[in-house]
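Structure assessment
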Amino acid sequence: MPALNENYLKLEKNYLFINIAKRISKYITDHPESKSNIIRMGIGDVTLPLAPCVVEAVKRGAEEMGVKETFKGYEDSGTGYDFLKNAIAGYYSSFGADVKASEIRISDGAKSDCGNIVDIFGDSNTILITDPAYPVYVDSNLMSGRKIIYADCTKENGFCAAPDQSVHADIIYLCSPNNPTGAAFTFSQLKEWVDYALRNEAVIIYDAAYEAFITEDDVPRSIFCIEGARKCAIEICSLSKTAGFTGLRCGYTVIPEELSFRSSDGTEVFISQLWGRRQGSKFNGVSYPVQCGAAAVFTPEGREQIKVNLEYYKENARILSSALDELGIFYTGGKNSPYIWLECPDGMGSWEFFDYLLNNANVVGTPGAGFGKNGEGFFRLTSFGDREKTLEAAERLKKLLAK
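What comes next concerns the included structure.

Parameters at a glance
Residues numbered from 1 in each chain as written. Predicted model: local features only at pLDDT ≥ 70, side-chain atom pairs only at ≥ 80, totals over all residues. Heavy atoms only, no water. Helix = DSSP H or I, 4+ residues; strand = E, 2+ residues; numbered from the N terminus. Buried < 20%, exposed > 50% of the residue type's maximum accessible area, 1.4 Å probe, protein only. Areas by Shrake-Rupley, 256 points an atom, 1.4 Å probe, with all protein chains shown as cover. Lys, Arg positive; Asp, Glu negative; His and termini not counted. Charge placed at Lys NZ, Arg CZ, Asp CG, Glu CD. Salt bridge = Lys/Arg side-chain N within 4 Å of Asp/Glu carboxyl O. Pairing = 2+ DSSP bridges. Axes fitted to C-alpha atoms, helices over the stretch in contact; angles between N-to-C directions. Contact = heavy atoms within 4.5 Å. Core = buried A, V, L, I, M, F, W, Y, C linked by side-chain atoms within 4.5 Å. Phe/Tyr/Trp six-rings, centres within 6.5 Å; stacked < 30°, edge-to-face > 60°. Lys NZ or Arg CZ within 6 Å of the ring centre and 35° of its normal. Polar contact = N/O pair within 3.5 Å; in protein donor to acceptor, adjacent residues only side chain to side chain.

1. Brief notes about the overall build of the protein chain
What the protein chain contains, in helices and strands, is 12 helices and 15 strands. Along the longest, intermediate and shortest principal axes, the C-alpha atoms of the protein chain span 60 × 55 × 55 Å. For the protein chain, with 403 residues in total, the buried portion stands at 55%. Surface summary for the protein chain: the accessible area is close to 18,100 Å², and the carbon and sulfur share equals 50%. In the protein chain, which carries 42 positive and 53 negative side-chain charges, the distance between the mean positions of the two groups comes to 3 Å.

2. Some remarks on the pattern of salt bridges
On inspection of all chains with the given rule, the structure shows 22 salt bridges. Ionic pairing is found between lysine 314 and glutamate 311, a salt bridge with its closest N-O pair at 3.6 Å. A residue pair is termed a helical-turn pair when its members lie 3 or 4 positions apart in one helix, as lysine 314 and glutamate 311 do in helix 10 (residues 300–327) at three residues. Judged by its relative accessible area of 34%, glutamate 311 is partly exposed. Taken together, the salt bridges that share partners define one network made up of Glu311, Lys314, Glu315 and Arg318.

3. Structural notes on the sheet that holds strand 8 (residues 251–254)
Taken together, seven strands build an open sheet; the order of strands is 2-8-7-6-5-3-4 and the sheet is mixed. The sheet is open, and its two edges are formed by strand 2 (104–107) and strand 4 (147–152), each paired on a single side. When the angles between neighbouring strand axes are averaged without regard to direction, this sheet yields 20°. As defined by bridge partners, strand 3 (residues 126–131) adjoins strand 4 across six bridges and the pair is classed as parallel. Bridging across to strand 4, isoleucine 129 finds its partner in tyrosine 150. In this fold helix 3 (residues 82–94) packs onto strand 2, strand 7 (233–238) and strand 8, with an angle of close to 115° to the strand it touches most, strand 2.

4. Focus on the environment of cysteine 175
Within the secondary structure layout, cysteine 175 lies in strand 5 (residues 171–175). With 79 residues separating them in the primary sequence, cysteine 175 and valine 254 have C-alpha atoms 15 Å apart. Among all residues touching cysteine 175, those that are not within four sequence positions of it are Tyr137 and Asp207.

5. Some thoughts on the nonpolar core
Ile172, Trp193, Ile204, Ile223, Phe245, Cys250 and Tyr252 are the most contacted members of the largest nonpolar core, which has 93 residues in total. Per-element tally for this core: the top contributor is helix 1 (residues 16–30), with six residues. In this view, isoleucine 223 contacts Leu190, Val194, Ile204, Tyr206, Ala229, Ala233 and Glu235; residues no more than four positions away in its chain are not counted. Residues Val118, Ile127, Ile205 and Ile236 belong to the second largest nonpolar core, which totals 25 residues.

6. Describing the pairing of strand 8
Here strand 8 shows a buried face lined by Gly251 and Thr253 and a second buried face lined by Tyr252 and Val254. Judged from the four bridges that link them, strand 2 and strand 8 form a sheet pairing that is antiparallel. Note on strand 8: the bridge partner recorded for arginine 105 is threonine 253.

7. What about the packing of aromatic side chains?
Scanning the entire structure with this criterion turns up 24 aromatic pairs. Seen from their ring centres, tyrosine 313 and phenylalanine 384 are 4.9 Å apart, and the 80° between their planes marks the pair as edge-to-face. Within this pair, whereas tyrosine 313 is found in helix 10, its partner phenylalanine 384 is found in the loop between strand 15 (378–382) and helix 12 (387–401), the two being separated by 71 residues in sequence. A residue is classified by how much of its surface remains accessible, and tyrosine 313, at 3% relative accessible area, is buried. Exposure remark for phenylalanine 384: the relative accessible area of 1% places this residue in the buried category. Feature note: the residues Tyr210, Phe213, Tyr312, Tyr313, Tyr339 and Phe384 constitute an aromatic cluster, connected by ring pairs. One residue, lysine 72, lies across the ring of tyrosine 288, its end atom 4.4 Å from the ring centre. For the cation-ring pair, arginine 387 lies above tyrosine 312, with the distance from its terminal atom to the ring centre recorded as 4.3 Å.

8. Description of the environment of serine 144
Checked against the element boundaries, serine 144 lands in the loop between helix 5 (135–142) and strand 4. Classification of serine 144 by relative accessible area gives partly exposed; the value is 25%. For the pair formed by serine 144 and isoleucine 271, sequence separation is 127 residues and the distance between their alpha carbons is 19 Å. Look past the residues within four positions of serine 144 in its chain and what remains in contact with it is Asn7 and Asp123. Reaching out from serine 144, the side chain makes a polar contact with the side chain of arginine 146 at a distance of 3.4 Å.

What follows is the structure, encoded as structure tokens:
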């Protein structure tokens, strides 16, 4: 009989959003008349269609696959086509980040790479994760039995924890703008983490999936805008929220060429080489038509078209933020992020507030407890919904929660 990886038994039985779906399904079964009235603001999935230039680029790519002279089979490098990597490198350059096309690896999205990147690191490493956290950071390390320590993000520190200099970590997960809290590190705050990683000879796995929502000048768009980051950081990004690729699947990971560590025998090992070897064994790349569509995102036309959708979601965030301001409810996010992280009123627990909101306003969000112990008593709403439904949800919140 095969031995099981019993680390999986340490995980929650179901992924957070499966539990939410089950609760909604039960509510609809008990209250069938409410089905069409429920406003879902829980899962961070986009609702606006792909930009027209992206659709056309995907079509052209697919058409090329139907012609012998332009047909593409396996991609030679497995790291992505040069036309896309060059486009992404140009995008980084537009906001002052030093990233070479050769340092970019194309993926099927940030979630996959955030979970898989630790395959190239030993199980004896100590992992530091800010709490609350996107579940994949925790789960992917629990699956390998690694030791996890947490940096507390709380109301008192604006959900942006600073590193504890008395604690050692080998691998650090940071996400800014943050999922779920919407909080974002300033340049000086992120510099503290880079300095901490350099002192500890640690690596930062930096999730920048929401960088396109940043509006404030003192919030960096990339960790590579920070001095020293090229010696200690890996950045993972996605087109899911930037350009609506949740159903198309494309992202990218940046590993600086100088990022290296010593193996047990003292040999210098470059992280990009290990990651390339891992991906070559377990990943066959992103389809050519999808990469054509991704490249269109970074053209002047594409940037203008996706800006329209981004502004739509940002306005939804402003609508929800305004409602919470009117109610006097504490929250973070909504400015540099599509997420609004609010304190549950009247001391309610986060799952208690989930049920209260569903039963009394037919509005669905995400209980903060699903993101870690510091999420208890907080609740996440997303701005990715329809404008009319967002306005209606704001009105329902104000009516239900007004003192």
